[in-house]
Amino acid sequence: MKLPNRSRLLRLLLTASLALALVGAVALLSLYLYLVPKLPSTEDLQDVQMQVPLRVYSKEGQLIAEFGDEKRIPLQFEQFPTELIHAFISAEDDRFFEHPGVDYKGLIRAAMHLVITGERGQGGSTITMQVARNFFLSREKTYSRKVNEILLSLKIEEELSKEQILELYLNKIYLGKRAYGAAAAAQVYYGKDLDELTMAQLAMIAGLPKAPSTYNPIANPERALQRRNYVLRRMHDLNYIRDEQYQEAIAAPVTATDDNTVTDLKAPYVAEMVRAEMLDRYGPDAYSYGYKVYTTLDARMQQAANQSMHDNLMAYDRRHGYRGVEAHHELDEAATEEEWKALLQDMATVGGLVPALVIAVEEKQARCYLNDGSQQLIPWEGMEWARPHINANAMGKQPENAADILQVGDIVRVEKDNDGHLRLAQVPDVSAALVSLQPTDGALLALSGGFDYFQSKFNRAIQAERQPGSNFKPFIYSAALEQGYNMASIINDAPVVFEDAELESEWRPENYSGKFYGPTRLRVALVNSRNLVSIRLLRSIGIRNAINYVTNFGFDPKHLSRDLSLALGSATITPFELARGYATFANGGFLIEPYFIQRIEDNAGNLLYEADPLLACDDNCAELFPLVSTEPTPLEADASSEPLPEEAVAPNPTDDGEAAVLPIEALRLPRPAPRTVDARNVYLMRTVMQDVIKHGTGRRALQLGRNDLAGKTGTTNDQIDAWFSGFNNDVVTTVWVGFDTPRSLGNRETGAQAALPLWIDYMREALHNRPEATMKQPEGMVSALIDANTGQLSTANNPDAVFELFREEEIPQAGTPVAGDGRADSNSNSTITEELF
C-alpha cells in the first residue's frame, strides 16, 4: 500500500532536515577543526607583556614623568576594588560568572536583530570575548572575526580562571585620553588611585568601554552622566549596591577634570635627560616595557630649585619694568562670559602665570576674568611695580593709577603672591639654569634648565655653552699654586696693553671699577676678582700649562681659549660642567663623574641596573663608604677589578648585634675617584673662596648664617652672563642667569645681583638641617704672619700684619716663627667688588 502524499512529504522533509543538520554539523566540525589550530595560544595571556609607559622617579620614589603612547598602571586582581568589578560586570556582562565565555542569549538577540533589521548589532560580546578581541584580534565587524572571537573565548575560559580574565580585561581595556586600564583612567580623570574613588566615579569609569570618546566625562559631561547613571541603575538592579548608596551616587555631580597630572615632582628637564638615556640604552622598547627609573634627585631640593628659579627670574623681570600686555581686544559692554572665555581658550599657563582678561579698571585696582571662569581683583599693591620697560637700564615713570597700566580688553598674566592676592605678572624674558651635585660621588641632587620646560625645552643646564667670566678664575689660581705661587705672592694690578696681529686694535683689559690697585696679594686679588692680576698671573704660568692643568677639573680643552682672555673666563662652558669643576674643590681634589640615574627596574621590580659611581676618597674608601649589600648587575660586573674575599662582613649588624656575613656576590667594593688636584692646593683655594663670601663679591651669602660656605661670582662683559658657584662638603651648586640670545642683563646685574640671590634661596633649603661641613686641614700646612702690603713674613707688632696659610715648604723666609689657628685672613679692608670679564 502506498503511503499518503502527506506522510511521504513529511518523511522527505525529515530526511532532508536530518541531512542538512548532518551537513551543518560536519561543516561546523570542519570549521572548528580548521580554525582551532590557527587560534593563538592562550599561554601568551598568562605571560602577557602589556605596553606600560616608562616612569621616572626621584630617589624617594616620587613620580617625575612617564613616557609612552599608552598610560597604564597594571594591577593584580586583588588590588581592584570590589565595587569597580561589580560596576564593570553590571555595565558590560552581568552573566560573566555564569556563562562559559560566550553568552548565547546575547548571541541570539544579536541574530534576531540581524534578521529583523538586516544590520549587524553589538554582537552580544562578553568580557571574555572583549579580552580575546583586544589581545589577539582586530576590531573589524566581520563574521569570520566573530567566529574566531567565539572560539577563542571558549578556549580562554577553559584555560584561565574568571579572576585571571577580569584582571586582563581591567588592565587592558581602553578608556579614553590614552588611558588603558581602570587604574590609569582613575589617574587621568580624577588624579587619584582606584581605592580613593567614590561609587559614582567608579561607575563613570565602568561606563567608558562602550564608547570612550562619546561618554568621556570631560568632553561630553552630559552623555557621560547618562551612561554613569545607567551603570548605577544596573548595579542597583543586580543588588550590588543598596538603595541609599544608589541615591547618593546618582545625585553626585560630574567631578572629572582635565588637569590631573600624575606626577608628584616637577623636574621635566631631568625627565627628558632620562628619556634620552633610556632610548639610547633600550631603543623604542623603553616606552612600552614598563621600566622604572629612579634618579638621584632629592625631591625637597628639586622643589627648592624650582621655587628659587621662579622667584628670582620674576624678581629680575620686575626690576626692569613692565613690557606691556600680551594682547588687546575691543570689548563690547554687552560681551558675555562665553566671549570672554573664547579670548583665553588658546592661552596656556606658563610657569604658574595664568592668562587673564581685564574686564574693568578702577582707580587703584582692576577686575580680571580668568580661564577657570572666576573673576578676581588685582589690587594696587599687585601692579604698582609696573613701570614701563624701556631697555635693560631704563624704565618709564612710576604709574599713579591702574589706568596708567591696564585698560579693559587687555590680555595679561597674573599670579598669587604670598598672601593669596592676585599680582600682575609677565613671562620672564630672561633665562637661567641651576645645577646641584653631591660632590662626594657626583649624584645630581637638583637641576632646572629654565623658567618653564613646556615653554622652552632647551635645557640651559647642559646645553647652554656660555662664558663663565670670573667664575673660572679659581681654576687659574689653582694652576698658579701648582706653579710655585702662594696666596701671599704679589702681582701688580696695573694697566696692561696687548697687541695681536689678528686684532684690529689693542686689547686694554681693565677692572670693573676702572681703577688700578697696584701690588696685590693673590688672596686679595681673587677675593675682589681683580682682572689685571688674573691676566698677569696666567701670562706668568703659561697658557698651555694652565689649560693642561684645568683638565684636572674635567674641562674639555677644546672649549678653552688659547689666549690670555682665558684668565677672565672667555671659555665656553655649560653650567653642568662648571658645577663638576667646583665639585673637585668641594670634595678635596677628586674628579668625579656626575650621574643622574640611580637604578633601573623592570615592571615587576627586578633590578636591571644600579649606579656604581666613583667616590671621592683616598685609601679610606672602605671607612667612608662601607661595602653595600646589593646584587650586582651585568652592567656592573666589571666595575671593580679588585679581588674580594670569599665572604665579607656587611656593615649592618644583625639583631643580635653581630655583623652579618653575606655571600660575596652580594657585596661591592667602593670605587675611588682619581685624585687630580693636591689636597693642600684645594684647601688653600677653599679658604680664599670662603673669603669671597666673608669679604668679597659673595657677601650676600652671609645671610645663610653658615661658616662652611665657599664660592665665586662671575660676570662677563656688558653683564651678558651672571654666575655664582658655591659649595660646602655636602652640596655644590652652580647658577647661571642670562638671555638665550646674548644681550646685556643691565649695568648692575652682576653675578652678585642676578645669580647669587637664586643660589642663596636654593641653598637655604638644600642645607636645611645639615650640620656645617668643612674640609679638614691637610697635613703639611702652616699659618704665618705676613705684611698685608708686601706678602713677606712679619711680626705681631706690625699694624698691617695678617695671617696667611702656606704649604710648609713654601714659607717666604725660613726660620721665621709661625702662629695662628691654621686659617688665613684676607685684608678686611679690601672689599671692592671686582668680578667683570
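The coordinates are above.
A brief look at the structure comes next. (Residues numbered from 1 in each chain as written. Predicted model: local features only at pLDDT ≥ 70, side-chain atom pairs only at ≥ 80, totals over all residues. Heavy atoms only, no water.)

**Focus: the pattern of salt bridges**
Our working definition: In what follows, salt bridge is the name for a side-chain nitrogen of Lys or Arg lying within 4 Å of a carboxyl oxygen of Asp or Glu. Put simply, DSSP marks the helices as runs of H or I at least four residues long and the strands as runs of E at least two long, and each gets a number from the N terminus on. Buried, partly exposed and exposed residues are distinguished by accessible area as a fraction of the type maximum, computed with a 1.4 Å probe on protein chains only: under 20%, between the cut-offs, and over 50%, respectively.
Counted according to the given criterion, the structure contains 31 salt bridges. For E66, the salt bridge goes to R55, with nearest N and O atoms at 3.2 Å. Residue E66 is found in strand 2 (residues 63-67), and its partner R55 is found in strand 1 (residues 54-57); the two are separated by 11 residues along the sequence. We classify E66 as partly exposed; its relative accessible area is 21%. Looking at R55, the relative accessible area reads 10%, which means it is buried. As a salt-bridge pair, D298 and K59 come within 3.6 Å of each other at their nearest N and O atoms. With D298 in the loop between strand 3 (292-295) and helix 13 (299-319) and K59 in the loop between strand 1 and strand 2, this residue pair connects regions lying 239 residues apart in the sequence.

**Thoughts on the packing of aromatic side chains**
Threshold: Here a Phe, Tyr or Trp ring, Trp counted by its six-membered ring, pairs with any other such ring whose centre lies within 6.5 Å, and the pair is stacked when the planes are under 30 degrees apart, edge-to-face when over 60, and tilted otherwise.
Tallied over the entire structure, the rule returns 22 aromatic pairs. For the ring pair F88 and Y169, a centre distance of 5.9 Å and an interplane angle of 85° mean the geometry is edge-to-face. Remark: Y169 occurs in helix 7 (residues 162-172) and F88 occurs in helix 3 (residues 82-92); sequence separation between them is 81 residues. Both residues of the pair, F88 and Y169, count as buried. Plain terms: the ring middles of F475 and F585 are 5.3 Å apart, the flat faces sit at 25° to each other, and that makes the pair stacked. Taken together, the positions of F475 in helix 16 (residues 473-482) and F585 in helix 20 (residues 575-586) put the pair 110 residues apart, joining distant regions of the chain. Taken together, the aromatic side chains of F472, F475, Y549, F553, F555, Y582, F585 and F727 make up a single cluster linked through ring pairs.

**What to know about the packing of helix 3 against helix 9 (residues 199-206)**
The condition is simple: Note on geometry: axes are C-alpha line fits, over the in-contact stretch for helices, and angles between N-to-C directions span 0 to 180 degrees. An angle below 35 degrees is read as roughly parallel, one above 145 as roughly antiparallel, one from 65 to 115 as roughly perpendicular, and any other as oblique. Crossing handedness is defined as follows: a turn of the near helix away from the far one that is anticlockwise and smaller than a right angle gives a left-handed crossing, while the clockwise case is right-handed. Contacts were defined at the residue level, with two residues in contact if any of their heavy atoms lie within 4.5 Å.
Contact geometry of helix 3 with helix 9 gives a least axis separation of 9 Å together with a crossing angle of 40°. Between helix 3 and helix 9, the crossing angle belongs to the class labelled oblique. For the pair helix 3 and helix 9, the sense of crossing is right-handed. The segment helix 3 lies against helix 9, with E83, L84, A87, F88, A91 and E92 engaging M199, L202, A203, I205 and A206.

**Comments concerning the side chain of H99**
Rules: Polar contacts, as counted here, are pairs of nitrogen or oxygen atoms within 3.5 Å of one another; within protein the pair requires one atom able to donate a hydrogen and one able to accept it, and residues that are adjacent in sequence qualify only if both atoms are side-chain atoms.
Locating H99 in the fold gives a position in the loop between helix 3 and helix 4 (104-117). A relative accessible area of 4% places H99 in the buried class. A polar side-chain atom of H99 sits 2.8 Å from a polar atom in the side chain of D93. For H99, the residues in contact, after removing those within four places along its chain, are D93, T126, T128, E157 and K162.

**Digging into the nonpolar core**
Rules: We define a nonpolar core as any set of buried Ala, Val, Leu, Ile, Met, Phe, Trp, Tyr and Cys residues linked to one another through side-chain atoms lying within 4.5 Å.
Counting residues in hydrophobic clusters, the biggest one holds 92 residues, and the most contacted among them are L444, L447, F472, F475, F555 and F585. With sequence-adjacent residues up to four places away left out, F472 is seen in contact with V550, F555, L560, L566, G569 and I573.

**A few points about the sheet that holds strand 1**
As a reminder, the rule being used: In this analysis, strands are considered paired if DSSP registers two or more bridges between them.
What the 5 strands build is an open sheet, ordered 2-1-3-16-17; its pairing is mixed. If you trace the sheet from one side to the other, it starts and ends with strand 2 and strand 17 (607-610), each paired once. Put simply, the sheet's adjacent strands are angled 15° from each other on average, direction ignored. Bridge analysis of strand 16 (residues 597-601) against strand 17 gives 3 bridges, and the strand direction is antiparallel.

**Describing the environment of K177**
Within the fold, K177 resides in the loop between helix 7 and helix 8 (182-190). Considered as a pair, K177 and D258 are 81 residues apart in the sequence and their alpha carbons are 9.7 Å apart.

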